[in-house]
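What follows is the residue order along each chain.
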Amino acid sequence: MSRIALIHATPLAVGPVQEAFERLWPQAARMNLLDDSLPSDLVAAGGIGAALRARFGALARYAAQAGADGILFTCSAFGAAIEAAAEQAGVPTLKPNGAMFEEALDACATLGRSGRIGMVSSFAPSVGSMREELEAIARRRGIECSLRVACPPGALEALAQGRVQEHDALVGAAAQELRDSDILMLGQFSMAHLRERIAADTSLPVLSSPDSAVRLLRKSVDPASSLPS
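Reading guide: rules and limits
Starting afresh in each chain, residues are numbered from 1 along the sequence in its written order. This being a predicted model, a pLDDT of at least 70 is required before a residue's local features are given, and a value of 80 or more before pairs of side-chain atoms are given or counted; all residues contribute to the totals for chains, interfaces and linings. Note: side-chain values were computed over all heavy atoms of the structure, leaving out hydrogens and water. Only protein chains enter the calculation, and the probe is 1.4 Å; a residue is then buried if its accessible area is under 20% of its type maximum, exposed if over 50%, and partly exposed in between. Helix and strand definitions here come from DSSP, where helices need a minimum of 4 consecutive H or I residues and strands a minimum of 2 consecutive E residues; each element is numbered from the N-terminal end. Residue contacts are counted whenever heavy atoms from the two residues lie within 4.5 Å of one another. A pair of strands is labelled paired if DSSP reports no fewer than 2 bridges between them. For helices, the fitted axis covers only the stretch in contact; all axes are lines through C-alpha atoms, and the angles between them, taken along N-to-C directions, range from 0 to 180 degrees. Orient the strands so they point away from the viewer; a crossover is then right-handed if the path from the first strand over the helix to the second runs clockwise. Only buried residues count toward a nonpolar core, which is a set of Ala, Val, Leu, Ile, Met, Phe, Trp, Tyr and Cys residues joined through side-chain atoms within 4.5 Å. Here the word oblique covers every angle except those under 35 degrees (roughly parallel), over 145 (roughly antiparallel) and from 65 to 115 (roughly perpendicular). Each residue receives one of three labels: charged for Asp, Glu, Lys and Arg, nonpolar for Ala, Val, Leu, Ile, Met, Phe, Trp, Tyr, Cys and Pro, and polar for the others, Gly being one of them. Ring pairs are drawn from Phe, Tyr and Trp, using the six-membered ring of Trp, whenever the two centres fall within 6.5 Å, and their geometry is named by plane angle: stacked under 30 degrees, edge-to-face over 60, tilted for the rest.

Asks: Honestly, helix α1 (residues 14-24) in this entry has me stumped. Any pointers?
Replies: Given 3.6 residues per turn, any residue in an α-helix points the same way as the ones three and four places further on. If you check which residues of α1 are buried, you get P16, V17, Q18, A20 and F21. Each element contacted by the buried residues of α1 is listed here: β1 (3-8), β2 (29-34), β3 (70-73) and α10 (209-221).

Asks: Please clarify how the sheet that holds β1 should be interpreted in this entry.
Replies: What holds strands together in a sheet is hydrogen bonding between their backbones, with the strands either parallel or antiparallel. Sheet architecture is open: four strands sit in the order β2-β1-β3-β4, paired in parallel fashion. Here the strands that pair on one side only, and so sit at the sheet edges, are β2 and β4 (93-94). Pairing geometry for β1 and β3, over four bridges, is parallel. Residue pairing for β3: L6 is matched across the bridge by L72. Packed onto the sheet, α1 meets β1, β2 and β3 and runs at close to 155° relative to β1. The sheet contacts of α10 involve β1, β3 and β4, and relative to β3 the element is tilted by about 160°.

Asks: What is the right way to read the pairing of β2 from this model?
Replies: Put simply, side chains in a regular strand alternate between the two faces of the sheet. Sheet analysis places β1 next to β2, joined by six bridges and oriented parallel. Bridge pairing in β2 links L6 to N32. In terms of handedness, the path from β1 via α1 over to β2 forms a crossover that is right-handed.

Asks: Explain the nonpolar core here, please?
Replies: Side chains of a nonpolar character, in soluble globular proteins, are inclined to be buried together. Residues I7, L38, F56, A63, I71, F73 and F78 are the most contacted members of the largest nonpolar core, which totals 24 residues. Those elements that place two or more of their residues in this core are β1, β2, α2 (38-45), α3 (50-65), β3 and α4 (79-89). Not counting the four nearest positions on each side in its chain, L38 is found in contact with A9, L52, R55, F56, L59 and F78. With 16 residues, the next largest nonpolar core counts L105, M119, M130 and M185 among its residues.

Asks: Even after reading the chapter, I still don't get the sheet that holds strand β8 (residues 206-208), so can you show me in this structure?
Replies: Reading across the sheet, the four strands line up as β6-β5-β7-β8 and stay open at both edges, with parallel pairing between neighbours. Whereas interior strands pair on both sides, the edge strands pair on one side only; in this sheet they are β6 (145-150) and β8. Strand after strand, the sheet turns through a mean of 25° between neighbouring axes, direction not considered. As judged from the six bridges shared by strand β5 (residues 115-120) and β6, these two strands associate in the parallel manner. If you follow V120 over to β6, its bridge partner there is A150. Against the sheet, helix α6 (residues 127-141) makes contact with β5, β6 and β7 (183-186), and its axis sits at roughly 165° relative to β6, the strand it touches most. Where helix α9 (residues 195-202) meets the sheet, it contacts β7 and β8, and its direction lies at approximately 165° from that of β8.

Asks: Which parts of the structure should I look at to understand the packing of α2 against α3?
Replies: Relative placement of two packed helices is described by the angle separating their axes and the distance separating the axes. Taken N-terminus to C-terminus, the directions of α2 and α3 make an angle of 155°; their axes are 11 Å apart at the nearest point. One finds that α2 runs roughly antiparallel with respect to α3. For the pair α2 and α3, contact is made by L38, D41 and L42 and by L52, R55, F56 and L59, respectively. Residue composition of the contact of α2 with α3, by class: five nonpolar, no polar and two charged.

Asks: It is not clear to me how unusual backbone geometry should be interpreted in this structure. Could you clarify?
Replies: One can expect most non-glycine residues to show negative phi and most peptide bonds to be in trans. For S203, which is not glycine, the phi torsion reads 60° and is therefore positive. Along the chain, the position of S203 falls in the loop between α9 and β8.

Asks: What is the right way to read the packing of aromatic side chains from this model?
Replies: Both the distance between ring centres and the angle between the ring planes are used here to describe each pair of aromatic rings. Applying the stated rule across the entire model yields three aromatic pairs. For the pair F21 and W25, a centre-to-centre distance of 6.0 Å together with 25° between the ring planes defines the contact as stacked. Pair check on accessibility: F21 and W25 agree, each one buried. Judged by centre distance (5.0 Å) and plane angle (35°), the rings of F56 and F78 are tilted. Residue F56 is found in helix α3, and its partner F78 is found in the loop between β3 and α4; the two are separated by 22 residues along the sequence. Each of the two residues, F56 as well as F78, counts as buried. Three or more aromatic residues joined by ring pairs form one cluster here, namely F56, F73 and F78.

Here it is in structure tokens:
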């Protein structure tokens, strides 16, 4: 049985990724590591520096030493630190949104024109690094696309305080601003429960980070189990 380490910077990501595993790869054994001081330390530091890179490397090494066959980081604001950690882990290691970006670009590649990608993000500090990552993947693959982002103010705070309906309404309204997109992405794991609702409300295909990440991690770690039966 494959063992997957899930490394979180907020407890809000734990439930959504567990739900995705239950649907898409229930056979995988999961271990969860949480350091919820990371987001505030990122803001205080003003960016990803040597100290944060070292912490992410330590988390990845610990997960590998604990027997993980693969690692998924679930917080979207730490791309550069996760890339550095992946080099030290020795096992497949995914950033939270990379797989979702690949699936969005797959959809754009079928259009015959530049694809219009929309993304809702409830954590504004993550947007810059996510945009850079998507654009880098698009250049590597030779796919033309544009990205528009809507950041609903107060949504993440509402969810953290248990005001789920308020969070969901703010995210849904932000998604409506992006209805002229070809495909929508939900930028944080904590939005994943809204995928089907937003797809129905916007009549657009909608991707969530946990589903895309679990699909790619299963394919990377246990290819035989991801084949159709």
